[in-house]
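# What the coordinates show
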Amino acid sequence: MTQARPKTEHDVTAPLDAAIEDDDRARVRQVRRGRVRRRILLNLARFALLVLALGSWEIGVRTKHIDKFFWGQPSGVWKQLKVWVTDGTAQGSLAEQIMVTLQEAVYGFLIGVALGVLLGIALGRNRFLSDLLSPFIKAANSIPRIVLGSLFSIAFGFGLTSKVVLAVVLVFFGVFFNAFQGTREVDRNLLSNARILGASRWQTVRHVVLPSAFTWILASLHVSFGFALIGAVVGELLGADKGMGLLIRNAQNNFSPNGVLAGMVVIGVIALVAEALITALEKRLLRWRPPQMAGDAGI
C-alpha cells in the first residue's frame, strides 16, 4: 500500500485563500453594480430635472405668464438651433463658428495653463521672488479682467490674438494660485530626503515638487477651460467677424432671445464636453492614487 502524503501548510491554507479571493471578487462586483445603479439614477434625476425646468418654462410662455419677447421659449431655441444646423448662419456654417471659438479658447487655455504652472512653481520655490511680486500679482488679480477685452481689442485688433490674450489672462490666475499653493504644500521631509540623496534643483522639482502639486494643478483645469471659453466669447462680443460670440451679439441686436439662448446652449455643450475630457484625463493620470484620494464622483 502507498503511504498517504502528509498535509502541508499550503494544503491547509489553499481552500481558505480561495474563499477569501472569491469573497473579494464578489465584493468588487457588488461595489461596481452599486456605482452603475447610482450613475443611472443620477442621470435619470438630472434628465427629469431638465425636463421639468424646460416644460415649466414652455408652459409659462404658452399661458402668457412668461413674456417670450424677453425670455424666449425652449421650442423657439430648438427651432433656432435647427436653422443654424441646416441653413447655417449669416457668417457661415455653425460648425465654422464653433471651430473659431474653440480655437481661441484652446489656445488661450494651453498658454494660460503653461504660464500659470511655470510661474506658480517658480514663485512657490523661491520665497524672495514670491514676496517681491506678491503685491503686484494680488493687484492684477483684483482687476475685473473682462474689461481688459476692450483694451486688447484696441491693441491687437478684432482677429484671433485679442481673444487668445483675454483667454490667457482669465485662465492664468486660477492655475497660478493652485500651482503656487500646491508647491508650498510639498512635504518638507520629502524635499530634505531628496537633497540628502544628492538630487539637483531640477531633479527635486521634477520628481518631488511637480508630482506633489499635480493634483492642485489638475483641480484648477476643471474651471480653467470655462474661463478660456468666457474670454473667447467676450472677445467676440466686443468685435469679431466669426465665432459664437458674434452670433450671440447679432441675436441681441435683432432682439432675438432665442438666438442668444441657442448660442448659450452651444457654448454650454462645448464646456460639458471639455469637462468630460478633463475628468477622463485626470482619472487616467491619477490611477496610481487610492480611489478616495483621486475622487470618484464629481458634479
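Cut-off values and rules
Residues numbered from 1 in each chain as written. Predicted model: local features only at pLDDT ≥ 70, side-chain atom pairs only at ≥ 80, totals over all residues. Heavy atoms only, no water. Core = buried A, V, L, I, M, F, W, Y, C linked by side-chain atoms within 4.5 Å. Buried < 20%, exposed > 50% of the residue type's maximum accessible area, 1.4 Å probe, protein only. Helix = DSSP H or I, 4+ residues; strand = E, 2+ residues; numbered from the N terminus. Contact = heavy atoms within 4.5 Å. Salt bridge = Lys/Arg side-chain N within 4 Å of Asp/Glu carboxyl O. Patch = residues over 30% accessible without salt bridge, like charges linked within 9 Å, V, L, I, M, F, W, Y side chains within 5 Å. Areas by Shrake-Rupley, 256 points an atom, 1.4 Å probe, with all protein chains shown as cover. Lys, Arg positive; Asp, Glu negative; His and termini not counted. Charge placed at Lys NZ, Arg CZ, Asp CG, Glu CD.

Right, let's talk about the nonpolar core for a bit. Core analysis: the biggest nonpolar cluster contains 38 residues, and Phe109, Val113 and Phe225 have the highest contact counts within it. For this core, the elements supplying multiple residues, two or more each, are α3 (74-87), α4 (94-125), α7 (160-184), α8 (188-196), α9 (201-238), α10 (244-253) and α11 (257-285). The element best represented in this core is α9, accounting for 12 residues. Not counting chain neighbours up to four residues away, the residues in contact with valine 113 comprise Val171, Val175 and Leu221. Counting residues in hydrophobic clusters, the runner-up holds 10 residues, among them Phe152, Val169, Phe172 and Phe173.

Mapping threonine 101 onto the fold places it in helix α4. The exposure class assigned to threonine 101 is buried, which follows from its relative accessible area of 0%.

The next point concerns the pattern of salt bridges. For the coordinates displayed, the defined rule picks out two salt bridges. In this structure, arginine 62 and glutamate 58 form a salt bridge, with 2.9 Å as the shortest nitrogen-oxygen distance. With arginine 62 and glutamate 58 both in helix α1 (residues 9-62) and four residues apart, the pair spans about one turn of that helix. In this structure glutamate 58 comes out as buried when scored by relative accessible area, which is 13%. The partner of lysine 242 in a salt bridge is glutamate 96, and the shortest N-O contact between them spans 3.1 Å. Placement of lysine 242 in the loop between α9 and α10 and of glutamate 96 in helix α4 is noted, with a sequence separation of 146 residues between them.

On to a positive patch on the surface. Together, Arg38, Arg39, Arg46 and Lys283 make up a positively charged patch on the protein surface. The dominant element in the positive patch, judged by the number of residues it contributes, is α1, at three residues. On the secondary structure map, lysine 283 appears in helix α11. Relative accessible area serves as the criterion here: at 45%, lysine 283 is assigned to the partly exposed category.

Our focus in this paragraph is the side chain of threonine 183. Along the polypeptide, threonine 183 turns up in helix α7. Not counting the four nearest positions on each side in its chain, threonine 183 is found in contact with Gly120, Ile121, Gly124, Arg125, Val209 and Ala213.

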